[in-house]
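Residue-level listing of the chains:
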Amino acid sequence: MSARPDRTPLPRGFYDRPVLTVAPDLLGRTLVRRTPEGPIELRITEVEAYEGQADPGSHAYRGRTPRNASMFGPPGHAYVYFIYGMWFSLNLVCGPEGRASGVLLRAGEITVGADLATKRRLSARNPRELAKGPARLATALDVDRTLDGTDLCAGPDSPLSVLTGTPTPPDLVSNGPRTGVGGDGAHHLYRFWITDDPTVSPYRAHAPRRRST
C-alpha cells in the first residue's frame, strides 16, 4: 500500500532557488485551488522552466512590464498570463526576488474535485484530459488574471497553494525542449515531465503563426 501524499505546504524557501532546480522538483507535488464551490487538487506531472532576462523564450526577456511584473518576485507567488486572446496559463515564480524566473504548469492529474473540473472542461473525453496542457489546466482549475500575484505561501485561506505531495524520483523524470517555443529559446531542454504519465501533454515544435493578408 502506497503512502498518502504529504500535506505539508511548501515553504517560500522551496521557490527561492534557481528555476532549473525548482522545475523538476515540482513534479509529483500537489497544487491546491480553493474555489467558492470547493477545492480542486492536482498532482503536477509536467512543467517548463523560464529564466527571465537570460532566456529568449521568456516573457521577461526584454525586461519588466505591467503584464510580467509578478514574474520578478518575490518567489512563491503566481504569475498568470493571457495568451492568444483565449487562454490563461499558470506559472509559479522562483527566486531570488528581482531576477525574473518561473515555472509554467503544463499538465497534471486531478485528484480532488474532478466533478468541478469537469464542469469547466466539458470537452474532455476522459479524466486524463482534464488538465493535459497549460490552457486546459488553467481552465479546469478556474485560473484567470485575478489570481496573478497570489501568494502561494499565505496559508489555507489563499486561493492557491502547493503541498509537498509525493516528489518524483529523478530517475522517473524526463526532459526535453519546450513546447511551442521558437527562436533562440527553441532548443533549451527546460521541459520536465513524469516519464510515461498519461496526463502529460504531447510535444509540439514551434509553428509560426500565419499573418492574415
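Scroll up to find the structure this text is about.
Once a new chain begins, its residue numbering starts again from 1 and follows that chain's sequence as written. With the structure being a predicted model, the display of local features is reserved for residues of pLDDT at least 70 and the display and counting of side-chain atom pairs for 80 or more, all residues being used for whole-chain, interface and lining totals. Heavy atoms throughout the structure, all of them, feed into the side-chain values; hydrogens and water do not.

Our focus in this paragraph is the environment of Gly 155. Here a helix means four or more residues in a row that DSSP labels H or I, a strand means two or more in a row labelled E, and each is numbered from the N terminus. Considering the arrangement of structural elements, one finds Gly 155 in the loop between helix H4 (134-140) and strand E7 (160-165). Considering only alpha carbons, one finds Gly 155 and Leu 130, 25 residues apart in sequence, at a separation of 26 Å.

This part is about the nonpolar core. What makes a nonpolar core is a set of buried Ala, Val, Leu, Ile, Met, Phe, Trp, Tyr and Cys residues whose side-chain atoms join them at distances within 4.5 Å. Any residue under 20% of the maximum accessible area for its type is buried, any over 50% is exposed, and the rest in between are partly exposed; the area is computed with a 1.4 Å probe on protein chains only. If you look at the biggest cluster of nonpolar residues, it comprises 39 residues, and the most contacted ones within it are Leu 31, Leu 90 and Leu 141. In terms of residues, this core owes the most to one element, strand E3 (residues 38-50), which gives 5 residues. Here a residue-residue contact requires only that any non-hydrogen atoms of the pair lie within 4.5 Å. Aside from chain neighbours lying at most four places away, what touches Leu 31 is Ile 40, Glu 41, Leu 42, Ile 44, Leu 90, Leu 105, Leu 141, Leu 160, Ser 161 and Val 162. If you look at the next biggest cluster of nonpolar residues, it comprises 10 residues, including Met 71, Phe 72, Tyr 79 and Tyr 81.

Our focus in this paragraph is unusual backbone geometry. Glycine aside, residues mostly have negative phi angles, and peptide bonds mostly take the trans form. Omega for the bond connecting Gly 73 with Pro 74 falls within 30 degrees of zero, at 10°, which places this linkage in the cis form. Secondary-structure assignment places Pro 74 in the loop between E3 and strand E4 (78-83). Of note, the amide linkage connecting Gly 95 to Pro 96 takes the cis form, showing an omega dihedral of 0°. Mapped onto the fold, Pro 96 is located in the loop between strand E5 (87-93) and strand E6 (102-112). Phi is positive for Asp 142, close to 55°, though the residue is something other than glycine. A relative accessible area of 30% means that Asp 142 is categorised as partly exposed. Despite not being glycine, Asp 196 has its phi angle at roughly 65°, a positive value.

Moving on: the packing of aromatic side chains. Paired rings are identified among Phe, Tyr and Trp, the last through its six-membered ring, by centres lying within 6.5 Å, and are further divided according to the angle between planes into stacked (under 30 degrees), edge-to-face (over 60) and tilted (the rest). In the structure shown here, the tally under the stated rule is 3 aromatic pairs. Seen from their ring centres, Phe 82 and Phe 88 are 4.7 Å apart, and the 35° between their planes marks the pair as tilted. With a relative accessible area of 24%, Phe 88 lands in the partly exposed category. The ring of Trp 193 carries the charged tip of Arg 191 above its face, separated from the ring centre by 4.3 Å. When the NZ atom of lysine or the CZ atom of arginine is within 6 Å of a ring's centre and also within 35 degrees of its normal, the charge is said to sit over that ring.

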